[in-house]
Amino acid sequence: MNTTTDTARLPMLLTELRLPSVARLWPAITDQADRDGWPAARTLAALFEHEIAERAQRRTQRHLLEARLPVGKTLDTFDFAAVPMVSKARISALAHGDSWLESGTNILAFGPPGVGKTHIAAALGNALVDAGYRVLFTRTTDLVQQLQTARQELKLAAAIEKLDKFHLLILDDLSYLQKNQAETSVLFELISARYERRSIMITANQPFGAWDQIFPDPAMTVAAIDRLVHHAIILEMNTDSYRRRTAIDRAAA
């Protein structure tokens, strides 16, 4: 088989092997290899390095889409000076994932509305996706409604198991959950299922002392808090509303 025939067959072979980056780049890289006298091993390594890098980039893009993170909320855009009790160094360390995700450690962010709880949660989510982890960001009420529907269809266990693919589940605005037995029971089952296995990040306006307004059963309240805090990092963000201060500054201007 001559060189022309081999060249003609390459696109088909690379498509069959699912190597789109190699299929796109091989003419340019092999031309450079011929000019510079590269050995075959170096040429192959260069092609496969590009394939691996672009495959990782495509995977990150897929994971960003499935994470449903709010747009524009990153660590670079978070104003740490406005929330001095949150350590930038500590958050940057958490952004690498590693051991705390492997051990199923939770993160609980408390503070009044407007202090940046959602922003810091989404920013961590973005950083973790970049680091190769899978994240899901959702309003607590939305996820609870989905789990309630799954329970009615006798599919709750399967729905909770499906969430296991996410290393971090971000439940935003827990405090807006209604004090309803059906809602809070599916939330409790989710918390119990992920306990010491998969991490949850919760943002809430109310401290633990007010969680009896969320869970109607005192025993369930204690059990939920116990599971969440057993392995947990707590972010106290008790400061003035960033949104309110921004609005005042705009009005003054």
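From a predicted model like this one, the values you see are computed outputs, not experimental measurements.

**Structural notes on the packing of helix α9 (residues 181–194) against helix α10 (residues 218–230)**
With their axes 10 Å apart at the nearest point, α9 and α10 run at an angle of 30 degrees to one another. In terms of orientation, α9 lies roughly parallel with respect to α10. Pair α9 / α10 crosses with left-handed handedness. Contacts from Gln181, Thr184, Ser185, Phe188, Ile191 and Ser192 of α9 reach α10 at Met220, Ala223, Ala224, Arg227 and Leu228. Looking at the contact of α9 with α10 residue by residue, the classes come out as six nonpolar, four polar and one charged.

**Some details on unusual backbone geometry**
Here Asp98, not a glycine, exhibits a phi torsion of approximately 60 degrees, which is positive. Along the chain, the position of Asp98 falls in the loop between α4 (88–94) and α5 (99–102). One non-glycine residue, Glu196, adopts positive backbone phi at about 60 degrees. Relative to the helices and strands, Glu196 resides in the loop between α9 and β4 (199–204). On the accessibility criterion, Glu196 (41% relative accessible area) is partly exposed.

**Here's the deal with the packing of aromatic side chains**
Centre distance and the angle of the planes are the two values used to describe a pair of aromatic rings. One pass over the full model with this rule turns up five aromatic pairs. Relative to Phe80, the ring of Phe78 lies with its centre 4.8 Å away and its plane at 75 degrees, an arrangement referred to as edge-to-face. In this pair, the class of Phe78 matches that of Phe80, namely buried. On the basis of an interplanar angle of 35 degrees and a centroid distance of 6.3 Å, the ring pair of Trp211 and Phe215 is categorised as tilted. A relative accessible area of 0% places Trp211 in the buried class. Among the aromatic residues, those joined into a cluster by ring pairs are Phe110, Phe208, Trp211 and Phe215.

**Description of the nonpolar core**
Ile91, Met201 and Met237 are the most contacted members of the largest nonpolar core, which has 33 residues in total. Mapped by element, the contributors of at least two residues to this core are α4, α5, β1 (106–110), α6 (117–130), β2 (135–139), β3 (168–172) and β5 (232–236). Of the residues forming this core, the biggest block, eight residues, is contributed by α6. Excluding anything up to four places from it in sequence, Ile91 contacts Leu75, Phe80, Val86, Ile120, Leu124 and Leu235. Judged by nonpolar contacts, the second largest core, of 30 residues, contains Leu156, Ile214, Met220 and Ala223.

Reading the values: the criteria
- Residues numbered from 1 in each chain as written.
- Predicted model: local features only at pLDDT ≥ 70, side-chain atom pairs only at ≥ 80, totals over all residues.
- Heavy atoms only, no water.
- Axes fitted to C-alpha atoms, helices over the stretch in contact; angles between N-to-C directions.
- Helix = DSSP H or I, 4+ residues; strand = E, 2+ residues; numbered from the N terminus.
- Parallel < 35°, antiparallel > 145°, perpendicular 65-115°, else oblique.
- Left-handed = near helix turned anticlockwise from the far one by under 90°.
- Contact = heavy atoms within 4.5 Å.
- Nonpolar A, V, L, I, M, F, W, Y, C, P; charged D, E, K, R; others polar.
- Buried < 20%, exposed > 50% of the residue type's maximum accessible area, 1.4 Å probe, protein only.
- Phe/Tyr/Trp six-rings, centres within 6.5 Å; stacked < 30°, edge-to-face > 60°.
- Core = buried A, V, L, I, M, F, W, Y, C linked by side-chain atoms within 4.5 Å.

That's the geometry; what it means functionally is another story.
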